[in-house]
Amino acid sequence: MRMMDFSSWQGGMSTIVGLAIFTLLGVGIRMLMMQTIQQRRERMNRQINERLKTLISAYRTLGGSFTGQLTVDPTHLRDLRGSAPSGADDRSAQDGKSSSERSRRIRDAVEAALADILLLGTEEHCRLAGQAAGDLAAGRPIHTAELDISLRSFIRAALDLAPIPGDVMIPLQGPTRAQGSGGRGKGDAGRAGNTGGGGDMGGAGMGMEIAPGMGRKDGDLPV
């Protein structure tokens, strides 16, 4: 208060200018701090959202099935070829390849999901995912039900959702079954049929255009 002097107009102006500068400095520092805190909060929210999105995708991959084969087969095609008898022909090898194609797609998807969990999961998730990855590397079939339960509980807690009621009976979960390529083959066949039909129509059109000129004599020019 002793720095404020309103006894003269010069002193009053100096006091007002000083208060304005002090106020501007305070407001600027406050806005800078608020912007820094807001940017940090937005960055943390983006990281949390990306983490949850990745873990939700991994949960869908590891626990998208409730029926059928709920284990992951780690067998590779080279293992099937090595275990085949020496007299096996190319046809049997092709049959083995087609039968293991679905298991290979499931295994690849599960391995990618386990890698994401090892990168962004909690301590419990990393322990379960590491154990599953070790079993796959050792050539042992694995179950993902325990890891699915842990992921489901963590995701619901992170989204502020209430736990699943105890009277809800959830069967064991397994990896999502990979979609076959039959639809693509049907689409290719349909496109081939459309192309063939267009060719037939084109041939018919050419015949219709050539037919009127069949009665012309040599040396006549087309109109």
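Computed from a predicted structure; not experimentally measured.

**A look at the overall build of the protein**
Part 1: The number of helices and strands found in the protein is six helices and two strands.
Part 2: Secondary structure elements in the protein, listed N-terminal to C-terminal, are α-β-α-α-α-β-α-α.
Part 3: Within the span of the protein, comprising 223 residues, buried residues form 18% of the whole.
Part 4: In the protein, the proportion of contacts linking residues at least 24 apart, taken out of those at least 6 apart, comes to 73%.
Part 5: When the accessible surface of the protein is totalled, it reaches about 16,700 Å², and 59% of it is carbon and sulfur.

**Some points on the nonpolar core**
Part 1: Judged by nonpolar contacts, the single largest core of 18 residues is most densely connected at Leu62, Val110, Leu114, Ile117, Leu147 and Leu151.
Part 2: Within the residue set of this core, elements represented by two or more residues are α1 (9-62), α3 (90-120), α4 (123-137) and α5 (145-158).
Part 3: For Leu147, the contacting residues outside a window of four places in its chain are Leu62, Leu114, Ile117, His125, Leu128 and Ala129.

**Section: the side chain of Arg152**
Part 1: On the secondary structure map, Arg152 appears in helix α5.
Part 2: Nearest to the buried, unbridged Arg152 among oppositely charged side chains is Asp148, at 6.8 Å.
Part 3: Within the structure, the side chain of Arg152 is placed 3.3 Å from the side chain of Tyr59, a separation counted as a polar contact.
Part 4: Ignoring sequence-local partners within four residues, the contact set of Arg152 consists of Tyr59, Ile164, Ile170 and Gln173.

**A word on the environment of Ala109**
Part 1: Turning to its location among the elements, Ala109 is positioned in helix α3.
Part 2: Once the C-alpha coordinates of Ala109 and Ala58 are considered, the two residues, 51 residues apart in sequence, prove to be 9.0 Å apart.

**Focus: the UniProt feature "transmembrane region" (unreviewed entry) in the protein**
Part 1: In the numbering used here, UniProt assigns the "transmembrane region" (unreviewed entry) feature to residues 12-33.
Part 2: End C-alpha atoms of residues 12-33 are separated by 32 Å, and the span's content is 100% helix alongside 0% strand.

**Some remarks on the pattern of salt bridges**
Part 1: Summed over all chains, the structure comprises seven salt bridges.
Part 2: When the shortest N-O distance is used, the salt bridge between Glu50 and Lys53 registers 3.8 Å. Highlighted residues: Glu50 and Lys53, both in helix α1, separated by three residues, approximately one helical turn.
Part 3: Residues Arg107 and Asp108 are paired through a salt bridge, measuring 3.5 Å at the closest nitrogen-oxygen approach.

**Structural notes on the confidence of the model for the protein**
Part 1: With 66% of its residues at a pLDDT of at least 70, the protein reaches an overall mean of 76.
Part 2: The least confident element of the protein is helix α6 (residues 182-210), whose mean pLDDT is 44; the most confident is α4, at 95.
Part 3: Contacts of residues 182-223 to residues separated by more than four positions or lying in other chains number two contacts, the stretch itself having pLDDT below 50.

**Section: α5**
Part 1: Taking 1.5 Å of rise per residue, 14 residues should cover 20 Å, and α5 covers 20 Å from first to last C-alpha, within 8% of that figure.
Part 2: Considered for burial, the residues of α5 that qualify are Ala145, Leu147, Asp148, Ser150, Leu151, Arg152 and Ile155.
Part 3: Among the residues trailing α5, Asp160 stands out with phi positive, at a value near 60°.

**Quick notes on the packing of α1 against α5**
Part 1: Running from N to C, α1 and α5 cross one another at 145°; their axes reach a closest spacing of 10 Å. Handedness of the crossing formed by α1 with α5: left-handed. Along its contact with α1, which presents Arg51, Leu52, Leu55, Ile56, Tyr59 and Leu62, the element α5 presents Leu147, Asp148, Leu151, Arg152, Phe154, Ile155 and Ala158.
Part 2: Among the residues making up the contact of α1 with α5, the classes are represented as 10 nonpolar, no polar and three charged.

Rules behind the numbers
- Residues numbered from 1 in each chain as written.
- Predicted model: local features only at pLDDT ≥ 70, side-chain atom pairs only at ≥ 80, totals over all residues.
- Heavy atoms only, no water.
- Helix = DSSP H or I, 4+ residues; strand = E, 2+ residues; numbered from the N terminus.
- Buried < 20%, exposed > 50% of the residue type's maximum accessible area, 1.4 Å probe, protein only.
- Contact = heavy atoms within 4.5 Å.
- Areas by Shrake-Rupley, 256 points an atom, 1.4 Å probe, with all protein chains shown as cover.
- Core = buried A, V, L, I, M, F, W, Y, C linked by side-chain atoms within 4.5 Å.
- Lys, Arg positive; Asp, Glu negative; His and termini not counted.
- Salt bridge = Lys/Arg side-chain N within 4 Å of Asp/Glu carboxyl O.
- Polar contact = N/O pair within 3.5 Å; in protein donor to acceptor, adjacent residues only side chain to side chain.
- UniProt positions renumbered as here; feature names shortened; annotations may be inferred.
- pLDDT = per-residue confidence, 0-100.
- Expected span 1.5 Å × (residues − 1).
- Axes fitted to C-alpha atoms, helices over the stretch in contact; angles between N-to-C directions.
- Left-handed = near helix turned anticlockwise from the far one by under 90°.
- Nonpolar A, V, L, I, M, F, W, Y, C, P; charged D, E, K, R; others polar.

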